[in-house]
Amino acid sequence: MASIVDPRTIFTGVNDFLEAAGKPALFNVQLVGLSKEVSLNKGSFTIHTDVLIQNLKKTDLVIIPAFSGDLKTSLKLNEDFIPWIVKQYQKGAEVASLCIGAFILASTGLLNGKECSSHWKTANEFREMFPEVTLVDGRIVTEQQGLYSSGGATSYWNLLLYLVEKHAGREIAIIASKVYALEIDRKSQSPFIMFNGQKKHEDDPIKQAQEYIEKNVTEKISVEDLSLRFAIGRRHFERRFKKATNNKPVEYIQRVKIEAAKKSLESSSKNVNEVMYDVGYSDTKAFRNIFKRITGLSPVEYRNKYNKEAAVA
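What counts and how
- Residues numbered from 1 in each chain as written.
- Predicted model: local features only at pLDDT ≥ 70, side-chain atom pairs only at ≥ 80, totals over all residues.
- Heavy atoms only, no water.
- Core = buried A, V, L, I, M, F, W, Y, C linked by side-chain atoms within 4.5 Å.
- Buried < 20%, exposed > 50% of the residue type's maximum accessible area, 1.4 Å probe, protein only.
- Helix = DSSP H or I, 4+ residues; strand = E, 2+ residues; numbered from the N terminus.
- Contact = heavy atoms within 4.5 Å.
- Phe/Tyr/Trp six-rings, centres within 6.5 Å; stacked < 30°, edge-to-face > 60°.
- Axes fitted to C-alpha atoms, helices over the stretch in contact; angles between N-to-C directions.
- Parallel < 35°, antiparallel > 145°, perpendicular 65-115°, else oblique.
- Nonpolar A, V, L, I, M, F, W, Y, C, P; charged D, E, K, R; others polar.
- Expected span 1.5 Å × (residues − 1).
- Pairing = 2+ DSSP bridges.
- Patch = residues over 30% accessible without salt bridge, like charges linked within 9 Å, V, L, I, M, F, W, Y side chains within 5 Å.
- Areas by Shrake-Rupley, 256 points an atom, 1.4 Å probe, with all protein chains shown as cover.
- Salt bridge = Lys/Arg side-chain N within 4 Å of Asp/Glu carboxyl O.
- Lys, Arg positive; Asp, Glu negative; His and termini not counted.
- Charge placed at Lys NZ, Arg CZ, Asp CG, Glu CD.
- Polar contact = N/O pair within 3.5 Å; in protein donor to acceptor, adjacent residues only side chain to side chain.

Caption draft 1: Fine view of the nonpolar core. Ranked by internal contacts, the top residues of the largest apolar core, which has 30 residues, are Ile85, Phe103 and Phe126. Within the residue set of this core, elements represented by two or more residues are β5 (61-64), α2 (71-77), α3 (81-90), α4 (102-107) and α5 (123-129). Once you skip the residues sitting within four places of it in the chain, phenylalanine 103 turns out to touch Phe67, Leu71, Leu75, Ser118, Thr122, Glu125, Phe126, Met129 and Phe130. Of all hydrophobic cores here, the second largest spans 28 residues; its members include Ile221, Leu226, Phe237 and Val275.

Structure representation (structure tokens):
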């Protein structure tokens, strides 16, 4: 529900800022629905729509909110929006999805051959359902040809600010960021990503290799070691691993180790070097570079941000 309320809040708020400065309101904000009333959160709340889709012939910007529940069921319930969204885009409207609203946007086919952001938690399901769309890990805002998408959860506020800046200007976007206490220009959701290995595949030797990596996080594991252990030629092993997990073996090993390092930095009193050795690294520079590439933060920055004891210290 927040992803319905928040866009309305920020765009009507921008109108208020403009009017307070003696300027005309810029946005005509309407909630567009398939019915006059939509029940949410098991009946706890009801959304009253302003207009039904069949009565809104043209608009400039369509914002697709996130949804909850089973992905395929939710997509089925909202499938009548699909042709309307496509028609609006063809008439010149921009289309933006918030969080896993990207599943609805991808269902239109408009993203085929393009990049997209969404919540990191449903990345595996997204790639499985929409193989023709390139899901960009970690990025908060993605824009291609008038199609916008955002990262997970409340990171959609950054897309909303981005749209405010595009339509109302940088000065108004800065005012909005201050009023709503938002960090403007935040570009990555990487620090929040929790890596969960992709195991929804039928390649058992690769699944065993994944489990071996996860159980031996303290060891230095090479691709050559894995291919020998599971009696698969190296090049063939690498192809199968990538096909099954959407990660190269080296990337998978790194992500498993960095996830273990993140958890240790969050919850233990160990220093960065101790954590580095615990996850099988001995090269400080290499560990720091890989950690920052995956999380967007250095190990020290991550520890200071997410470890309560470090924060107090």
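Caption draft 2: Structural context of the packing of aromatic side chains. Summed over all chains, the structure comprises 14 aromatic pairs. Centre to centre, the rings of phenylalanine 67 and phenylalanine 103 are 6.4 Å apart; their planes meet at 80 degrees, and the pair counts as edge-to-face. Here the residue phenylalanine 67 occupies a position in the loop between β5 and α2, and phenylalanine 103 occupies one in helix α4, the gap between them amounting to 36 residues. Across the pair, phenylalanine 103 and phenylalanine 67 agree in class, each one buried. Taking the centre distance of 5.6 Å and the plane angle of 80 degrees together, the rings of phenylalanine 291 and tyrosine 302 count as edge-to-face. Placement of the pair is phenylalanine 291 in helix α13 (residues 284-295) and tyrosine 302 in helix α14 (residues 299-306), with a sequence separation of 11 residues. Its relative accessible area of 0% is what places phenylalanine 291 among the buried residues. Its relative accessible area of 2% is what places tyrosine 302 among the buried residues.

Caption draft 3: The packing of helix α11 (residues 249-267) against α13, seen in detail. For the pair α11 and α13, interaxial distance at closest approach is 10 Å and the crossing angle is 90 degrees. The orientation of α11 with respect to α13, classified from their angle, is roughly perpendicular. Contacts from Gln254, Arg255, Ile258, Ala261, Lys262 and Leu265 of α11 reach α13 at Phe287, Ile290, Phe291, Arg293, Ile294 and Thr295. Here the contact of α11 with α13 is composed, by residue class, of seven nonpolar, two polar and three charged.

Caption draft 4: Molecular detail of helix α6 (residues 156-168). In this model α6 runs 18 Å from its N-terminal to its C-terminal C-alpha over 13 residues, within 8% of the 18 Å that 1.5 Å per residue would give. Those residues of α6 hidden inside the fold are in contact with α1 (2-20), β5, β6 (94-97), β9 (141-144), β10 (147-150) and α7 (170-179). The first or second residue beyond α6 is glycine 169, which carries a positive phi of 105 degrees.

Caption draft 5: Structural view of the sheet that holds β10. One open sheet accounts for four strands, arranged β5-β6-β10-β9; its pairing is mixed. Only two strands of the sheet have a single neighbouring strand rather than two, namely β5 and β9. Strand after strand, the sheet turns through a mean of 15 degrees between neighbouring axes, direction not considered. Where β9 meets β10, four bridges bridge the pair, whose relative direction is antiparallel. The partner of valine 141 across the bridge, within β10, is serine 150. Strands β5, β6, β9 and β10 of the sheet are contacted by α6, whose axis makes an angle of about 145 degrees with β10.

Caption draft 6: Spotlight on a positive patch on the surface. A grouping of Lys57, Lys58, Lys87 and Lys91 is seen on the molecular surface, where their side chains present a positively charged patch. Considering the arrangement of structural elements, one finds lysine 58 in the loop between β4 (51-52) and β5.

Caption draft 7: Region of the structure containing the side chain of serine 118. If you trace the backbone, serine 118 turns up in the loop between β7 (115-116) and α5. On the basis of relative accessible area, serine 118 is assigned to the buried category, the value being 3%. One polar contact links the side chain of serine 118 to the main-chain carbonyl oxygen of cysteine 99, over a distance of 3.4 Å.

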